[in-house]
Amino acid sequence: QCPVFGGSPRSFDAAAVMNRRGVKKVVAGPDFVAVVADNWWRAQQALKSLKVDWNYAGGETLNDAGIAQILQNGVEQARPLRSNGDFGSLWAQADAAGHRKVEAEYFTPYGNHFTLEPQNCTALVAGDQAQVWAPTQSAEATQAEAARTLKVPLPNVTVYRPYLGGGFGRRGASQDFVRQAVLIAKEIPGVPVKLLWSREEDMQHDFYRPAALYRQRAVVDARGQVLGWQARLA
């Protein structure tokens, strides 16, 4: 998959891996390039040696420092969801009034679902009919994604659901692994194709819990009573 979200393959040299043992085909998708082989190891090794020129669409410029700045801007420019009283005046006059100011920031980075079993899906496409075997938390969403991707009526897709190797929401609304599997299987009609992400790919292409910055300020009197409190979240 493209290392950068929103990117796409610009070009690649399929001929460089087609002479490898077991390799059947190289398939390009909107945001990925896949190697189909007679087992996962051969496909993965060929994929590692496949040189792809990616179009990152500018997404490669974002880094940790840039994300931190976005969050800082967010808490500084936050619009109030709820406001009672005048905290700004209370904060500005706290020192003169002999009150204590308390201020703290809490940061949490992006969080990965880290399911025990990496994302995977098996698909068989024949004509306008498809069968999908997917460890999904929502068989209805899997069916809808496959039908939408293949542009076929919903009843033309049959979904089989095996046990999940961990879900935590990753295998529910997000059905990217199903979209990829049916796109690849469509290029090899009548043959079941098993898509299996590597652990590294699974970590890099999750739908992460958002990073967040939480800034809190409070004014406390001599008895420890909170006189005013402000919380800003980005």
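Heads up: the structure comes first, above all this text.
Counting of residues starts from 1 at the beginning of each chain's written sequence and follows it residue by residue. It should be noted that, the model being predicted, local features are given only for residues of pLDDT at least 70 and side-chain atom pairs only at 80 or more, the latter also being counted only at that level, while totals for whole chains, interfaces and linings use all residues. To get the side-chain values, take all heavy atoms of the structure and skip hydrogens and water.

A short note on the packing of aromatic side chains
Each aromatic pair joins two rings of Phe, Tyr and Trp (for Trp, the six-membered one) with centres within 6.5 Å, and gets the label stacked for planes under 30 degrees apart, edge-to-face for over 60, and tilted for any other angle. Within the structure shown, the criterion is met by four aromatic pairs. For the ring pair Phe-5 and Tyr-208, a centre distance of 6.2 Å and an interplane angle of 85° mean the geometry is edge-to-face. Taken as a pair, Phe-5 in the segment before strand 1 (8-12) and Tyr-208 in the loop between helix 7 (199-204) and strand 10 (212-220) lie far apart in primary sequence, 203 residues in all. Accessibility expressed as a relative area gives 52% for Phe-5, which makes it exposed. For a ring to carry a charge above it, either NZ of a lysine or CZ of an arginine must fall within 6 Å of the ring centroid while also lying within 35 degrees of the normal to the ring plane. When the ring centre of Phe-114 is taken as origin, the NZ or CZ atom of Arg-199, which lies over that ring, is 4.6 Å away. Only DSSP runs of H or I reaching four residues or more are called helices, and only runs of E reaching two or more are called strands; each is numbered from the N terminus. A 1.4 Å probe rolled over the protein chains alone gives each residue an accessible area, and that area as a share of the maximum for its type sets the label: buried under 20%, exposed over 50%, partly exposed in between.

Quick look at helix 2 (residues 40-49)
Along helix 2, the residues classified as buried are Ala-43, Gln-44 and Ala-46. End-on view of helix 2: buried residues confined to an arc of 165°, all on one side of the axis. Exposed residues pointing more than 90 degrees away from the buried face of helix 2 are listed as Trp-41 and Lys-48. Its buried side turned inward, helix 2 meets helix 1 (15-18), strand 2 (23-28) and strand 3 (33-37). The definition of a polar contact used here is a pair of N or O atoms within 3.5 Å, where within protein one atom must be able to donate a hydrogen and the other to accept one, and adjacent residues in sequence count solely through side-chain atom pairs. Two or three places before Trp-41, at the opening of helix 2, Asn-39 has a side-chain oxygen 3.2 Å from that residue's backbone nitrogen. The directions considered for the arc run from the helix axis to the C-beta atoms. In this analysis, two residues are considered to be in contact whenever any of their non-hydrogen atoms come within 4.5 Å of each other.

Some points on the pairing of strand 11 (residues 226-233)
Only strands that DSSP links by at least two bridges are regarded as paired with each other. Relative to strand 11, strand 10 is paired through seven bridges, and the arrangement is antiparallel. Across the sheet, Arg-217 pairs through a bridge with Gln-230, a residue of strand 11. Once strand 10 ends, the chain turns through five residues before running back antiparallel as strand 11, passing Gly-224 with a positive phi of about 90°.

Observations regarding the pattern of salt bridges
Here, a salt bridge means any side-chain nitrogen of Lys or Arg that lies within 4 Å of a carboxyl oxygen of Asp or Glu. Enumeration over the complete set of coordinates arrives at 13 salt bridges. Salt-bridge contacts for Arg-170 lead to Asp-176; the nearest nitrogen and oxygen are separated by 3.1 Å. Of the residues examined, Arg-170 reaches a relative accessible area of 1% and is grouped as buried. One salt bridge in this structure joins Arg-170 and Asp-206, with 2.8 Å as the shortest N-O distance.

Details of the side chain of Thr-149
Note that Thr-149 resides in helix 5 (residues 139-150). Relative accessible area serves as the criterion here: at 15%, Thr-149 is assigned to the buried category. Among residues more than four places away in sequence, those in contact with Thr-149 are Arg-179, Val-182 and Leu-183.

Digging into the nonpolar core
What is meant by a nonpolar core is a set of buried Ala, Val, Leu, Ile, Met, Phe, Trp, Tyr and Cys residues, joined one to another through side-chain atoms within 4.5 Å. By size, the foremost hydrophobic cluster in this structure holds 25 residues, and its most contacted members are Cys-121, Val-132, Val-157, Val-178 and Ile-184. Top element by residues in this core is helix 6 (residues 176-186). It accounts for six residues. Not counting the four nearest positions on each side in its chain, Val-157 is found in contact with Ala-130, Val-132, Gln-143, Ala-146, Ala-147 and Val-152. Listed in part, the 12 residues of the second largest apolar core include Val-35, Ala-37, Ala-46 and Trp-54.

Focus on the sheet that holds strand 9 (residues 193-196)
The four strands are arranged 8-7-6-9 in an open sheet whose pairing can be described as mixed. For this open sheet the edge positions go to strand 8 (157-160) and strand 9, each flanked by a neighbour on one side alone. On average, each strand axis in the sheet is inclined to that of its neighbour by 20°, with strand direction left out of account. In the sheet, strand 6 (residues 120-126) pairs with strand 7 (residues 129-133) via five bridges, with the strands oriented antiparallel. Opposite Ala-123, over in strand 7, you have Val-132 as the bridge partner. Sheet strands in contact with helix 5 are strand 6, strand 7 and strand 8, and its direction is about 145° off that of strand 8. Only the stretch in contact is used when a helix axis is fitted, and all axes are lines through C-alpha atoms; the angle between N-to-C directions ranges over 0 to 180 degrees.

Looking at the sheet that holds strand 5 (residues 100-108)
Taken together, three strands build an open sheet; the order of strands is 5-10-11 and the sheet is antiparallel. The open sheet has two edge strands with one neighbour each: strand 5 and strand 11. For this sheet the average axis-to-axis angle between neighbouring strands, irrespective of direction, equals 10°. Where strand 5 lies against strand 10, nine bridges are found, and the strand directions are antiparallel. Among the inter-strand pairings, Ala-104 is bridged to a residue of strand 10, identified as Gln-216. The strands touched by helix 3 (residues 64-76) within the sheet are strand 5, strand 10 and strand 11, with strand 10 carrying the most contacts at an inclination of about 35°.

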